Amino acid sequence: QVQLVESGGGLVQPGGSLRLSCATSGFWFSGYVMSWYRQAPGKERELVAEITGAGSTTNYADSVKGRFTISRDNAKNTVFLQMNSLKPEDSAVYYCKASLVHTYWGQGTQVTVSS
């Protein structure tokens, strides 16, 4: 059974940091491209960051470049998103996604940036 479980979301003040985790099971994690997406109320889901299976290549949305870092631990089947210098516009539900032959999504974790 495939599972992707996000954690680490919460309420943080502008300028603060959060680290999201996505623990996975049930598929060949190291072969999959892993991505973080986010969706704010009334907006479409958008790609935040992605990382290849070996972790050698990453890609970021322009809006988060220099502030967010995606990484993965293939030994623990987990992908991370370190978010620094958070802004109110970063508030959204954050989802992890695994893609290769199949696509799998997690259930999401809420991130709220507010003073």
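These remarks concern the structure in this document. (Residues numbered from 1 in each chain as written. Predicted model: local features only at pLDDT ≥ 70, side-chain atom pairs only at ≥ 80, totals over all residues. Heavy atoms only, no water.)

What follows deals with the sheet that holds strand β8 (residues 78-83). Strand order across the open sheet formed by 4 strands is β1-β3-β8-β7, with antiparallel pairing between neighbours. Only two strands of the sheet have a single partner each, and these edge strands are β1 (3-7) and β7 (68-73). Taken pair by pair, the neighbouring strands of this sheet meet at an average axis angle of 15°, ignoring direction. Bridging between strand β3 (residues 18-25) and β8 involves 6 bridges; their strand directions are antiparallel. Paired with L18 across the two strands is M83, which belongs to β8. (Pairing = 2+ DSSP bridges. Helix = DSSP H or I, 4+ residues; strand = E, 2+ residues; numbered from the N terminus. Axes fitted to C-alpha atoms, helices over the stretch in contact; angles between N-to-C directions.)

Let's shift gears to the state of the cysteines. Summed over the entire model, instances satisfying the criterion amount to 1 disulfide. The disulfide partner of C22 is C96, and the S-S distance across this bridge is 1.9 Å. Within this pair, whereas C22 is found in strand β3, its partner C96 is found in strand β9 (residues 92-99), the two being separated by 74 residues in sequence. Across this residue pair, the class does not change: C22 and C96 are buried. (Disulfide = S-S within 2.5 Å. Buried < 20%, exposed > 50% of the residue type's maximum accessible area, 1.4 Å probe, protein only.)

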